[in-house]
Amino acid sequence: MNLLVLAAETENPLVPPIPELVIGLIAFVIVFGFLAKKLLPNINKVLEERREAIEGGIEKAEAAQTEAQSVLEQYKAQLAEARHEAARLRQEALEQGTALKEELRAEGQRQREEIIAAGHAQIAADRKAASQALRQDVGKLATDLAGKLVGESLEDVARQSRTIDRFLSELEEKAEAAR
């Protein structure tokens, strides 16, 4: 029993003495009151500012995302329009190229026909000149030969011309009869 008495006389270390408990409780109420009056409004104010900043940041981010989406749609529309315009220009260039090719082909055909016509005209002129020169040469030879056969000179130009014309006409008739 001695132990129980001894234990009752010594204080329990888990239960603080009453005066200390009262002083601690008063100090706690003073500190809590100070925190509630001075520090807690500042903390709430800072938390509210952060919340507003975060919400404002989220709203700004959403607005920026909406604007970016709008710009992206505009860009896609402009890109589609540019592609359409490029296709239209390419088609126009192809049509112009085809038209130009046809135009050049027609011009080349016309020039070819002009060259051929000029060639035919030149050939006809050359043939006529050669025929004329040949007539004169044949006429001269025929006149000389006829003069030798007849025994007299056929120097008279009018007579010479008639003789040559008659001789060449006979030759042409024989050539046509042979065909």
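Residues numbered from 1 in each chain as written. Predicted model: local features only at pLDDT ≥ 70, side-chain atom pairs only at ≥ 80, totals over all residues. Heavy atoms only, no water.

Brief notes about the overall build of the protein
Rule in force here: Here a strand is any run of E in DSSP of at least two residues, a helix any run of H or I of at least four, and the numbering for each starts at the N terminus. Three labels apply to residues, based on accessible area from a 1.4 Å probe with only protein chains included: buried if under 20% of the type maximum, exposed if over 50%, partly exposed otherwise in between. Reported accessibility uses the Shrake-Rupley method at a 1.4 Å probe radius. Residues are deemed covered only where the shown protein chains occlude them.
Helix and strand content of the protein: three helices and zero strands. Counted from the first residue to the last, the protein has its helices and strands arranged as α-α-α. By the burial criterion, 5% of the 179 residues in the protein qualify as buried. Taken as a whole, the protein presents about 15,900 Å² of accessible surface, with 62% of it coming from carbon and sulfur.

With respect to the pattern of salt bridges
Keep this limit in mind: Think of a salt bridge as a Lys or Arg side-chain nitrogen and an Asp or Glu carboxyl oxygen that are within 4 Å of each other.
Applying the stated rule across the entire model yields seven salt bridges. One salt bridge connects Glu85 with Arg88, and the closest N-O pair in it is separated by 2.2 Å. One end of the pair, Glu85, and the other, Arg88, are both in helix H2 (residues 18-150), three residues apart, so they sit about a helical turn from each other. For Arg110, the salt bridge identified is with Glu114, shortest N-O distance 2.2 Å. Of this pair, Arg110 and Glu114 both sit in helix H2, four residues apart, which is roughly one turn of the helix. On the accessibility criterion, Arg110 (37% relative accessible area) is partly exposed. Among the charged side chains, a network of salt bridges with common partners joins Glu48, Arg51 and Glu55.

Here's the deal with the packing of aromatic side chains
Rules: Centres within 6.5 Å are what make two rings of Phe, Tyr or Trp a pair, Trp counting through its six-membered ring; a difference in plane orientation under 30 degrees is then read as stacked, over 60 as edge-to-face, and the rest as tilted.
Taken as a whole and assessed by the stated rule, the structure comprises one aromatic pair. Ring plane angle 20° and centroid distance 6.1 Å describe the contact between Phe28 and Phe32, whose orientation is recorded as stacked. Taken together, the residues Phe28 and Phe32, both in helix H2 and four residues apart, mark about one turn of the helix. There is no split in this pair, since Phe28 and Phe32 are both exposed.

Quick look at the confidence of the model for the protein
In plain terms, the rule: Each residue carries a pLDDT value, the predictor's own confidence for that position, ranging from 0 to 100.
Averaged over every residue, the pLDDT of the protein is 84; the share at 70 or more is 88%. Taking the mean pLDDT of every element in the protein, the minimum, 52, falls on helix H1 (residues 2-9) and the maximum, 89, on H2.

Here we look at a nonpolar patch on the surface
In plain terms, the rule: Patch rule: a residue counts if its relative accessible area is over 30% and it has no salt bridge; like charges are joined within 9 Å, and nonpolar side chains (Val, Leu, Ile, Met, Phe, Trp, Tyr) within 5 Å.
A cluster of nonpolar residues, Val31, Phe34, Leu35, Leu39, Leu40, Ile43 and Leu47, forms a patch on the protein surface that exposes about 610 Å² of accessible area. Structurally, the position occupied by Leu40 is in helix H2.

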